[in-house]
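# Fold and contact review
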Amino acid sequence: MKYLLLYTTLLLVTCVKTSPPTPVGPIPTQEQLNWQKMEFYGFIHFGLNTFTNAEWGFGNTDPQMFNPTTIDTEQWVLTAKKAGMKGLIITAKHHDGFCLWPSTYTDYSVRNSPWKNGSGDVIKELSEACKKYGLKMGIYLSPWDRNHSEYGKPEYISYFRAQLTELLTNYGPLFEIWFDGANGGDGYYGGANEIRYVDKRNYYDWENTHTIIRNLQPDAIIWSDSGPDARWAGNEHGYAYETTWSPLVRDSIYGGMPEYAKKYSMGQENGTYWVPAEADVSIRPGWFYHVSEDTKVKSLKQLLDIYYKSVGQNATLLLNLPINTQGRIHKKDSIQLIKMNRQLEQDFKNNLARNKKAVASIVRGKSKKYDASMVLDDDYSTYWATEEGSSQASLIIDFEQPKQFNRIVIQEYIPLGQRVKKFSIAVENNGTWHQIASHSTIGYKRILRFPKVVAERVKIIIHDAKASPLISTVEVFNAPVIVDEPIIKRNKEGIVTFEIPEKGTSIYYTLNNNEPDLSSHSYKQPFLVSGPTTVKAFSYDPDTEERSETTSRRFDISKHKWTIINASNENSMHAIDDDHTTEYRTNDKEIILDLGELLTIKGFTYTPSQERWPKGIISHFTLFSSTDNKSWHKVKAGEFSNIAANPNIQKVNFDFYIKSQYLKLKIDRTVNHSDVVIVAELNIITKQ
Ligand code: FUL
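What counts, and where the lines are drawn
Residues numbered from 1 in each chain as written. Predicted model: local features only at pLDDT ≥ 70, side-chain atom pairs only at ≥ 80, totals over all residues. Heavy atoms only, no water. Buried < 20%, exposed > 50% of the residue type's maximum accessible area, 1.4 Å probe, protein only. Helix = DSSP H or I, 4+ residues; strand = E, 2+ residues; numbered from the N terminus. Contact = heavy atoms within 4.5 Å. Pairing = 2+ DSSP bridges. Polar contact = N/O pair within 3.5 Å; in protein donor to acceptor, adjacent residues only side chain to side chain. Axes fitted to C-alpha atoms, helices over the stretch in contact; angles between N-to-C directions. Domains from an automatic or database assignment. Buried area = accessible area lost by both parts, 1.4 Å probe. Salt bridge = Lys/Arg side-chain N within 4 Å of Asp/Glu carboxyl O. Near = heavy atom within 4 Å. Areas by Shrake-Rupley, 256 points an atom, 1.4 Å probe, with all protein chains shown as cover. Nonpolar A, V, L, I, M, F, W, Y, C, P; charged D, E, K, R; others polar. Expected span 1.5 Å × (residues − 1). 1 Å grid on protein atoms, 1.4 Å probe; cavity = no way out; pocket = protein on both sides within 12 Å on 5 of 7 lines; lining within 4 Å. Points joined across faces, edges and corners; volume = space filled by probe spheres on them. pLDDT = per-residue confidence, 0-100. Phe/Tyr/Trp six-rings, centres within 6.5 Å; stacked < 30°, edge-to-face > 60°. Core = buried A, V, L, I, M, F, W, Y, C linked by side-chain atoms within 4.5 Å.

Once that is clear, we can look at helix α9 (residues 300–310). For α9, the full list of buried residues reads Leu300, Leu303, Leu304, Ile306, Tyr307, Tyr308 and Ser310. Buried residues along α9 sit against β11 (277–282), β12 (315–322), α10 (331–347), β15 (393–412) and β18 (446–465).

Before going further, it helps to examine the sheet that holds strand β24 (residues 527–528). Read across the sheet, three strands follow the order β20-β21-β24 without closing on themselves; strand pairing throughout is antiparallel. Pairing within the sheet leaves two strands with one partner each, and these edge strands are β20 (487–490) and β24. Of the strand pairs in this sheet, β20 and strand β21 (residues 495–499) are connected by four bridges, and their pairing is antiparallel. Each residue of the ladder has a partner; that of Lys489, found in β21, is Thr497.

Our focus in this paragraph is the side chain of Ser619. On the secondary structure map, Ser619 appears in strand β31 (residues 618–626). There is a polar contact of 3.0 Å between the side chain of Ser619 and the side chain of His620. Those residues in contact with Ser619, other than ones at most four positions away along the chain, are Gly638, Glu639, Phe640, Ile643, Arg669, Thr670 and Val671.

The sheet built from eight strands closes into a barrel, its strands ordered β1-β2-β3-β4-β7-β8-β11-β12 with parallel pairing. When the angles between neighbouring strand axes are averaged without regard to direction, this sheet yields 25°. Relative to strand β8 (residues 230–232), strand β7 (residues 221–224) runs parallel, the two sharing two bridges. Looking at the pairing, Ser224 lines up with Arg231 of β8. In the packing of helix α5 (residues 122–133) onto the sheet, the strands contacted are β2 (87–93) and β3 (136–141), and the crossing angle to β3 comes to about 155°.

Before going further, it helps to examine the domain arrangement of the protein chain. Here the protein chain is partitioned into domain 1 (30–346), domain 2 (357–477), domain 3 (487–555) and domain 4 (563–686). Of note, the centres of domain 1 and domain 2, computed from C-alpha atoms alone, are 36 Å apart. Of the residues lining the interface, 20 residues belong to domain 1; the matching set on domain 2 comes to 20 residues. Across the domain 1/domain 2 interface, buried area totals approximately 1,800 Å², and carbon plus sulfur atoms make up 52% of it. Looking at the side of domain 1 facing domain 2, the largest losses of area belong to Glu242, Trp245 and Tyr308, adding up to 31% of the total buried there. The tally of links from domain 1 across to domain 2 stands at four salt bridges. Taken together, the links from domain 1 to domain 2 amount to 18 residue pairs in polar contact (both at pLDDT 80 or more). Among the elements of the structure, α2 (30–38) and α9 are those that each provide at least two residues to the side of domain 1 that touches domain 2.

Near the ligand you find 13 residues, and of these His45, Trp56, His94, His95 and Asp180 are the closest. Asp180 is positioned such that a nitrogen or oxygen atom in its side chain is 2.9 Å from an oxygen atom of the ligand. In isolation the ligand offers 290 Å² of accessible surface; the protein chains occlude 98% of this area. Considering only residue class, the shell around the ligand consists of six nonpolar, four polar and three charged.

End to end, helix α6 (residues 154–170) covers 25 Å across 17 residues, agreeing with the expected 24 Å (1.5 Å per residue, within 8%). Buried within α6 are the following residues: Tyr156, Ile157, Tyr159, Phe160, Arg161, Ala162, Gln163, Leu164, Glu166, Leu167 and Leu168. Buried residues in α6 make contact with β2, α5, β3, β4 (174–178) and α7 (206–216). Looking one or two residues beyond α6, the residue adopting positive phi is Gly172, at roughly 75°.

With that settled, consider empty space enclosed by the protein. Counted according to the given criterion, the structure contains four cavities of 30 Å³ or more. Here the largest cavity is characterised by a volume of approximately 80 Å³. In terms of lining, the largest cavity is formed by Ile591, Leu593, Phe604, Leu623, Leu663, Leu665, Leu682, Asn683 and Ile684. For the lining of the largest cavity, a count of residues per class yields eight nonpolar, one polar and no charged. In this structure, the second largest cavity encloses a volume near 50 Å³. Along its surface, the second largest cavity is lined by Phe46, Gly47, Leu48, Asn49, Thr91, His94, Asp96, Phe98, Leu100 and Phe288.

Take the pattern of salt bridges next. Summed over all chains, the structure comprises 32 salt bridges. Between Lys124 and Glu128 there is a salt bridge, and its shortest N-O distance comes to 3.6 Å. Residue Lys124 and its partner Glu128 are located together in helix α5, separated by four residues, close to a single helical turn. The partly exposed category is assigned to Lys124, whose relative accessible area is 44%. Residue Glu128 is classed as partly exposed on the basis of its relative accessible area, which comes to 45%. Between Glu549 and Lys339 there is a salt bridge, and its shortest N-O distance comes to 2.5 Å. With Glu549 in the loop between β26 (546–547) and β27 (551–555) and Lys339 in helix α10, this residue pair connects regions lying 210 residues apart in the sequence.

Take the pairing of strand β22 (residues 506–510) next. Across the five residues that make up β22, a large majority, four, are buried. By the bridge criterion, five bridges tie β22 to strand β25 (residues 533–541) in an arrangement that is antiparallel. By the bridge assignment for β25, Tyr509 is matched with Ala537. Here β22 pairs with strand β23 (residues 521–522) via two bridges, running antiparallel.

Per-residue confidence for the protein chain gives a mean pLDDT of 95; residues scoring 70 or more make up 98%. For the stretch residues 7–15, pLDDT sits under 50, and the model shows zero contacts to residues farther than four places along the chain or on other chains.

Bringing the packing of aromatic side chains into the picture now. Within this structure, the stated rule accounts for 51 aromatic pairs. Arranged with centres 6.4 Å apart and planes meeting at 55°, the rings of Trp35 and Tyr41 form a pair that is tilted. Accessibility expressed as a relative area gives 0% for Tyr41, which makes it buried. Through a chain of ring-to-ring contacts, the aromatic side chains of Tyr151, Tyr156, Tyr159, Phe160, Phe179, Tyr189, Tyr203, Tyr204 and Trp206 assemble into a single cluster.

With that settled, the discussion passes to the nonpolar core. By size, the foremost hydrophobic cluster in this structure holds 75 residues, and its most contacted members are Phe46, Phe66, Trp76, Val122, Ile123 and Leu319. Residue contributions to this core peak at seven residues, all from α6. Two domains share this core, each providing at least three of its residues, namely domain 1 (30–346) and domain 2 (357–477). Sequence-distant contacts of Val122, that is, excluding residues within four places in its chain, are made with Phe46, Phe66, Ile71, Thr73, Trp76, Ile90, Leu100, Val110 and Trp115. One finds Tyr413, Ala437, Ile462 and Val474 within the second-largest nonpolar core, a separate group that totals 44 residues.

Rendered as structure tokens:
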């Protein structure tokens, strides 16, 4: 009898065992899940461009130019590891067609370079270093090939696939294959020197290329604007968006489509395939190495912002490290990476929610398995679930005593789909609750940053979700506050001001190129900088004795005498006010600048619109000079390569000095052939 009772009870317990929640919408494959958990990995840009100081090669550079003196792929891998990266993706072939491995299908490779007398293989060296130190490797193979004579014809697709097969076969396991959306345009094309546009949707016959990858590297993630496995976040600043869905309407998209960034890159709530976002950015303005950017390595603050806006907004982070002409990552870049990693370790050092009590408003089947405490157990595979159909719920974590904090990490259990559409955070102190944050999506990981609060309890409130929310993790941290560097500004009259990041901080600066310290000028009031000068400055908090990193800005001659003489409206001043946040929009295809005096000039810069979805970007130009605004001489014609995806300041150096008072910028082509032209800033580089 006793046993019968026990048996019946056991049976009952088993019967009422709560069933797992049903998946919602598209869900990740195991490979996508493993990839997402990598969170942070690196990009390596290296090739002929490194030696020609270019971002995009035309395809006609002699392979003899490729000659790294002390290439050290172990240094790349060890640097990446110290930065906390889990993998490295290398530009095996960039748009210029030059191959970093001795492909049997072309002469345009390391085989015909002086490096190791043509017997070297960069991809092999990297794969060996990755294997030795336990880092994953991925491949960037540019679909666009400005060298290949058959680019644009069906024959090129066979060539492309043969190269891909070599890479997939000879270098061990690859975690990601990267297909850039930039393709088609002018190029060398085996000597044809012409423009070749391709039908990006159909030309590459991607489906059959993907099959090759699935067969040879079934674990690899295939990346492009349209996936199929992971997608571009839509900008080269390294951030995902406030609302970032991993589901994507993949079938409506093809790689390189012009409207992708604005229209699709955030993913869609009702997306039909799981295609999570990857945010890419370079540690410097350009992707390839340029000596002139040694002073432009991103600051700690910028790198942290990037991390929080990518990994912290449901994307992975792909951070680029350019390799220099020696074949190494520059010391300045390594230092910044180590600082970034150390700071992130500090930020997430002590989870204040660990071992605390969590209580939820609803628990699925009142089951222990789906209880609120599952968000605190350091195990991603366990999660708090609400009842099926309940898209609103809340969960309270009780610290039992006041705690100070400024970061909250929340993770959804994505193997059953991304669900949360809207959530907020409230904190309680002395019995009163108040809201401190309100956001939309969570996804795999959402990290909230907010000013420090002191509270005894914190509440996560889900206001809306596609289906019952499944929350895997909630962590709470008190990250050390770092002092932000000042922002250096100059107006058209040449007056320099510093924007002070926080009240109570002081600013110290130099104008003689020396590193500033506490004995340098202390900033009291705006001052004049009329000639070429580098301003270097840092902020200092006298209370904590903490200081920011040093920031610097290079100014050339001040623009107080400058005018645009063929201005089409009064906003023309915005092109020459030393402020790239203001813009001059025009339909003119020429901009004529009067510098007000005769100057010796060795180059110029153009800053395109810095808006989130910039328009009117100049891609091809011709520059003319004149001393009298009557007779003009052509100085240089060229292309601002990669400006569509990376709308940074563009620097053009002349091959000789010119003496000129007037400059005429002729706009030969704009991105997407837009009629409007936008100039955020024009500048000159004078002889010093
Ligand atoms: C872009 C390319 O055109 C750039 O040169 C760079 O490789 C970047 C990662 O992708 O679209």
